[in-house]
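Architecture at a glance
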Amino acid sequence: MSTLELDWPADTGEKSAAQDTILSVNNIEVIYDHVILVLKGVSLTVPRGGIVALLGANGAGKTTTLKAVSNLLGAERGEVTKGKILFEKDEVQALSPNDLVRRGCIQVMEGRHCFGHLSIEENLLTGAYTRTDGAAAVKADLEMVYNYFPRLRERRQSQAGYTSGGEQQMCAIGRALMSRPKMILLDEPSMGLAPQLVEEIFEIVKELNDKEGVSFLLAEQNTNVALRYATYGYIMESGRIVLDGDAKALRENEDVKEFYLGVGGEGRRSFRNVKHYKRRKRWLA
Ligand SMILES: Nc1ncnc2c1ncn2[C@@H]1O[C@H](COP(=O)(O)OP(=O)(O)OP(=O)(O)O)[C@@H](O)[C@H]1O
Ligand SMILES: [Mg+2]
């Protein structure tokens, strides 16, 4: 089993002297189709070995931020027009998405995206395409993925398109793991899943973080669950970060409690329409 031998004191939020930054996003602006300004100066940091949550409602700009980091915006006619993103020491814009995967930065897309006609195991093996360390190492990592996701072992021969949403999400994360990432950009893992499954998936994320040292930048609308597993959080609204802090502090923040915690999908939509102005005023004052 691979271990990056990194330790992050997740429960206390304390930063060790050895801690460094794996990802830094510095004041980026993103424009789609040359005219649609979507990110308006976003900055965030992921410490090595951290789990950082990027929170916000529909259309806030979470996916756009993740795609800027993995350099996947080109396919969407999007472009980083200002600012800089560093993964370790490298400027992301100078690297292809493939180079980034080889260097250890991989995105798990919103909506899972398994190859429906392939089996679970074939899907997992597609995640090893950047590897050059031979079949035995790949086989060992397949075993590692099955140890983290026993459900995938049970379903290894099933056609992915016929597995459940939860299994497909696990398959998407498992496939990312097959590239031996240092950091996973995980977009809305909870989307469309029952609460118990969401919990199961976040437990595995935590375990991967603890035992394999994988850092996570996690986009979520599900603030409640994300802030229970993350060490730090950023809240986005209309392409800007409006609040950030240690996960514990955010969970106790009155605005976060009022607007993001304990509110169902319906409520969230109405709060966005009705209270948008008030909230921005309170946070940005
Ligand atoms: N390819 C695109 N072309 C033009 N505009 C886009 C494109 N992709 C996203 N947008 C716009 O950018 C804004 C941010 O979208 P994004 O998908 O980043 O939000 P999000 O926070 O991930 O939302 P959700 O929680 O619904 O996934 C939205 O207003 C969206 O309509
Ligand atoms: Mg999104």
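Residue indices begin from 1 for each chain and proceed along its sequence in written order. Here chains are named by letter from A upward and ligands by number from 1 upward, in the order in which they appear as written. Only residues with pLDDT of at least 70 are given local features in this predicted model, and only at 80 or more are side-chain atom pairs given and counted; all residues enter the totals for whole chains, interfaces and linings. Neither water nor hydrogens contribute to the side-chain values; these are computed over all heavy atoms in the structure.

What follows covers the overall build of the protein chain. Broken down by element type, the protein chain carries eleven helices and ten strands. Working definition: with a 1.4 Å probe on protein chains only, accessible area under 20% of the residue-type maximum means buried, over 50% means exposed, and in between means partly exposed. Classification of the 285 residues of the protein chain by burial places 51% in the buried group. Note on contacts: a residue pair is in contact if any heavy atoms of the two residues lie within 4.5 Å. Taking as baseline every contact in the protein chain between residues at least 6 positions apart, the subset at least 24 positions apart corresponds to 70%. Numbering goes from the N terminus for both helices and strands, where a helix is a DSSP run of H or I of at least four residues and a strand is a run of E of at least two.

To continue, consider the nonpolar core. As used in this record, nonpolar core signifies buried Ala, Val, Leu, Ile, Met, Phe, Trp, Tyr and Cys residues forming a set joined through side-chain atoms within 4.5 Å. Leu-124, Phe-149, Leu-152 and Ile-184 are the most contacted members of the largest nonpolar core, which totals 53 residues. Domain start and stop points were drawn from an automatic or database domain assignment. Each of domain 1 (20–104 + 181–285) and domain 2 (113–180) gives at least three residues to this core. Setting aside anything within four residues of it in sequence, one finds Phe-149 in contact with Met-170, Ile-173, Gly-174, Leu-177 and Ile-204. Ranked by size, the runner-up nonpolar core spans 30 residues in total, among them Tyr-32, Leu-39, Leu-95 and Leu-185.

This part covers the pattern of salt bridges. Here a salt bridge means any side-chain nitrogen of Lys or Arg lying within 4 Å of a carboxyl oxygen belonging to Asp or Glu. Tallying each qualifying case throughout the model produces 21 salt bridges. With a shortest N-O distance of 2.5 Å, Asp-33 and Arg-77 are connected by a salt bridge. Taken together, the residues Asp-33 in the loop between strand S1 (21–32) and strand S2 (36–47) and Arg-77 in the loop between helix H1 (62–69) and strand S4 (78–87) connect sequence positions 44 residues apart. Asp-90 is the partner of Arg-103 in a salt bridge, and the nearest nitrogen-oxygen pair spans 2.7 Å.

This paragraph deals with helix H6 (residues 165–177). One fewer than the residue count of a helix, multiplied by 1.5 Å, yields its expected span. In a regular helix each residue adds 1.5 Å, so 13 residues correspond to 18 Å; H6 covers 18 Å between its end C-alpha atoms and thus fits that length. Listed in full, the buried residues belonging to H6 are Gly-166, Glu-167, Gln-168, Gln-169, Met-170, Cys-171, Ala-172, Ile-173, Gly-174, Arg-175, Ala-176 and Leu-177. Elements in contact with the buried residues of H6: strand S6 (105–108), helix H3 (120–126), helix H4 (135–148), helix H5 (150–154), strand S7 (183–187) and helix H7 (195–212).

Here the focus is the coordination of the magnesium ion (ligand 2). Ideal geometry at a metal gives 109.5 degrees between four tetrahedral donors and either 90 or 180 degrees between six octahedral ones. The rule for donors is simple: an N, O or S atom within 2.8 Å of the metal counts, and for Na, K and Ca the reach is 3.2 Å. Water is not among the atoms, so a site may look short of donors. Looking at the magnesium ion (ligand 2), one finds its protein donor set to be Thr-63 (OG1) and Glu-110 (OE), positioned 1.9 to 2.2 Å from the metal centre. Of this pair, Thr-63 sits in helix H1 while Glu-110 is found in the loop between S6 and H3, placing the two residues 47 residues apart along the sequence. Residue classification places Thr-63 among the buried positions, given a relative accessible area of 19%.

Moving on, we come to the site of ligand 1. Residues are classed as near a molecule or strand on a simple rule: at least one heavy atom within 4 Å of it. With respect to spatial proximity, 15 residues lie near ligand 1, and among them Lys-62, Thr-63, Thr-64, Glu-110 and Gln-221 are the closest. Contact between ligand 1 and Gly-59: an oxygen atom at 2.8 Å from a main-chain N or O atom of the residue. At 3.2 Å, a side-chain N or O of Glu-76 approaches a nitrogen atom of ligand 1. The fraction of the free accessible surface of ligand 1 (640 Å²) that becomes covered by protein chains is 67%. Mapped by element, the contributors of at least two residues to the shell around ligand 1 are S2 and H1. Per-element tally for the shell around ligand 1: the top contributor is H1, with three residues. Note on residue categories: nonpolar means Ala, Val, Leu, Ile, Met, Phe, Trp, Tyr, Cys or Pro, charged means Asp, Glu, Lys or Arg, and polar means any other residue, Gly included. Looking at the shell around ligand 1 residue by residue, the classes come out as five nonpolar, six polar and four charged. Two N or O atoms form a polar contact when they lie within 3.5 Å of each other; inside protein one atom must be a possible hydrogen donor and the other a possible acceptor, and for residues adjacent in sequence the pair counts only when both atoms belong to side chains. Per-residue accessibility takes into account occlusion by the displayed protein chains alone, with areas from the Shrake-Rupley method and a 1.4 Å probe.

Turning to the pairing of S1, a few remarks are in order. For S1, the buried fraction is high: nine of the twelve residues fall into the buried class. Two strands form a pair only when DSSP identifies at least two bridges running between them. In the sheet, S1 pairs with S2 via nine bridges, with the strands oriented antiparallel. Bridge pairing links Val-25 to Leu-44 in S2. Alignment of S1 against S4, held across eight bridges, turns out to be antiparallel. In the sheet register, Glu-29 faces S4, and the bridge partner there is Lys-82.

Moving on, we get to the confidence of the model for the protein chain. Here the protein chain averages 87 in pLDDT, while 85% of its residues score no lower than 70. Note on residues 1–18: pLDDT is under 50 here. Beyond four places in sequence and across chains, it has 29 contacts. Every residue gets a pLDDT, meaning the predictor's confidence in that residue, from 0 to 100.

Pairing in this open sheet of six strands is mixed, and the strands run S6-S7-S8-S3-S9-S10 from one edge to the other. Edge positions in the sheet fall to S6 and strand S10 (240–246), since each has one partner strand and no second. Here the strands of the sheet are splayed against their neighbours by 15° on average, with no regard to which way each runs. Of the pairings in the sheet, the one linking S7 to strand S8 (residues 215–220) comprises five bridges and is parallel in character. Note on S8: the bridge partner recorded for Asp-187 is Ala-219. Only C-alpha atoms enter the line fits that serve as axes; for helices the fit covers just the stretch in contact. Angles between N-to-C directions range over 0 to 180 degrees. Running at roughly 155° to S7, H1 makes contact with strand S3 (51–55), S6, S7, S8 and strand S9 (232–237) of the sheet. The sheet strands contacting H6 are S6 and S7, and the helix crosses S6 at an angle near 170°.

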